[in-house]
Structure formats: structure tokens, C-alpha cells
Amino acid sequence: MKNIVLFGPPGAGKGTQAEILKERYQLVHISTGEVFRYNIKNETALGTLAKSYMDKGHLVPDKVTINMLKDEVEKHPEAKGFIFDGFPRTEAQAEALAVLMETKGSQINAMVALEVADGILVERLLERGKSSGRPDDANETVIRERIAEYYRKTDILKAFYQKQHKYYGVDGVGSIEEITLRLSAVIDAL
Ligand code: AMP
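Residue indices follow the written sequence of each chain, beginning from 1 at its first position. Where totals are concerned, whole chains, interfaces and linings use all residues; where local detail is concerned, this predicted model gives features only for residues with pLDDT of at least 70, and gives and counts side-chain atom pairs only at 80 or more. Processing note: side-chain calculations cover all non-hydrogen atoms of the structure and skip hydrogens and water entirely.

Examining the packing of helix α2 (residues 32-41) against helix α4 (residues 62-74)
Here is step 1 of the chain: Running from amino to carboxyl end, α2 crosses α4 at an angle of 95°, the nearest separation of the two axes being 11 Å. Comparing their axes, α4 and α2 come out roughly perpendicular. Between α2, through Thr32, Val35 and Phe36, and α4, the contact on the second element is made entirely by Thr65, Met68, Leu69 and Glu72.
Here is step 2 of the chain: Ten residue types, Ala, Val, Leu, Ile, Met, Phe, Trp, Tyr, Cys and Pro, are classed as nonpolar, four, Asp, Glu, Lys and Arg, as charged, and the remainder, Gly among them, as polar. Of the residues belonging to the contact of α2 with α4, the class tally is four nonpolar, two polar and one charged. Convention adopted: a line fitted to C-alpha atoms gives each axis, helices being fitted over their contacting stretch, and angles between N-to-C directions are expressed from 0 to 180 degrees. Counting from the N terminus, the helices are DSSP H or I runs at least four residues long and the strands are E runs at least two residues long. In this scheme, roughly parallel covers angles under 35 degrees and roughly antiparallel covers those over 145, while 65 to 115 is roughly perpendicular and the rest are oblique. Contact definition: two residues touch when any of their heavy atoms are within 4.5 Å.

Section: the layout of surface pockets
Summary: where empty space remains is shown by rolling a probe the size of a single water molecule over the atoms.
Here is step 1 of the chain: Approximately 970 Å³ is the volume attributed to the largest pocket.
Here is step 2 of the chain: A cavity, in this analysis, means grid points on a 1 Å lattice covering only the protein atoms where a 1.4 Å probe fits yet has no way out; a pocket is instead an open set bounded by protein on both sides within 12 Å along at least five of seven lines, and a residue lines either one if it has an atom within 4 Å of a point. What lines the largest pocket is a set of 47 residues, among which Lys14, Arg89, Arg128, Arg134 and Arg146 lie closest to the centre.
Here is step 3 of the chain: Secondary structure elements with two or more residues in the lining of the largest pocket: β1 (4-7), α1 (14-25), β2 (28-31), α2, α6 (118-132), α7 (140-154) and α9 (176-188).
Here is step 4 of the chain: Here the lining of the largest pocket is built from residues that sort into 15 nonpolar, 19 polar and 13 charged.
Here is step 5 of the chain: The wall of the second largest pocket is formed by Glu34, Arg37, Ile40, Lys41, Lys51, Met54, Asp55, Gly133, Arg134, Pro135 and Asp136.
Here is step 6 of the chain: Elements that contribute at least two residues to the lining of the second largest pocket include exactly α2 and α3 (45-54).
Here is step 7 of the chain: Residue classes in the lining of the second largest pocket are distributed as three nonpolar, one polar and seven charged. Grid points are joined across faces, edges and corners, and a volume is the space filled by probe spheres set on the points.

Structure, rendered in C-alpha cells:
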């Protein structure tokens, strides 16, 4: 099993690259943001709760997010591996993910991080907001709050995976194809 965490701040290109990599490596792609948006669209209780945080650019509480992630993983007993996009985002989530993978006799093989400067992120997200239909992309204050939340709670995960010698940084600026090549070079070498 090859399990990859695709990491990086909002707007780094995780979703775009995960869609390509899942095909290339036959991995199950789980995007926690996408699962939350699906629940919002379907007006579930989880969706209502998640929306109250997402609209402000804040993270959804760990307990809710971890339970939801576990359910998503359990839906794919046949998986050859997973690509996690937007999870983990806190140390508690990273620890829960390690335990979950262990119960499957597996582990996270690598965190591959897309590195992009903040100024570029804001520009990209504002541009994406013109067509994504995502309310959290349409408002610059919310975009900046998402990036601030990333530095408050998520950025430390780099050290978490570095300690385990599982962190791989990749330049996230360039064409989609160039970035896929950089990510694939890391994954192929695992
Ligand atoms: P994303 O689609 O990854 O940009 O996520 C959109 C929003 O969903 C985030 O700004 C958070 O509010 C929420 N979210 C997604 N993944 C997580 C997570 N792992 N932990 C907490 N909140 C999350």
C-alpha cells in the first residue's frame, strides 16, 4: 500500500494534482474539503456544522473531521493506497491518521508538500473564486484567514513528518504538467 499525504497551503494546487496522481498511481483520493462541500450541498447535519467554520476560513473541529475521515477510509477496503488531500491539518489529525493506518497494517509513506509563496496563493484563490462557486474563495478576508489558520495549526505538520523522515517539499510554481512531474519523481522513488 502506498499512502501519500499531499500537503500545502490553500491554493497550492493539491486538488488539481491529487486528481492526476490518483489515476497515475491507482490511489483512492480523499479530500476532506470536498466531503464537507458534498455534505453542505446535501444539507446534512455535518454540512451545517462544517459550513459555520468554513465560511469564516476556520478549520472544522478535529473530532468531527477525524470521524468523517475514518468513515471515508472505511468505504474503500479494496484500496491499493490513498492520497489524502487537505488532511491532516492539525497534529491531532496526523496522530489519528497514523493510528488508523496502523490498524490496516499500513502507514503513511510520505508527505509531499507543494511550496508556494503567500502572495501567489491569494492571487490564485481570488482567480479560482471567479469560477469555483466556493464562497470561501470569493472573499479576500476569508482567503487570508484560511492562510493564517494554515500557519497557526497546519504548518507544524512539516516538522511532524520531517522527524519521521517522510517530508518531501516540491516547488509548487510552474505549469500543472511540470508540477506533476516533480511530484511523480518523489512518489516513484518511495
Ligand atoms: P479545502 O477544500 O481543503 O481547501 O478545505 C476547505 C475548508 O474545509 C477548510 O478551509 C476547512 O474549513 C475545512 N476543512 C477541510 N479539511 C479539513 C481538515 N482536515 N480539518 C479541518 N477543517 C478542514
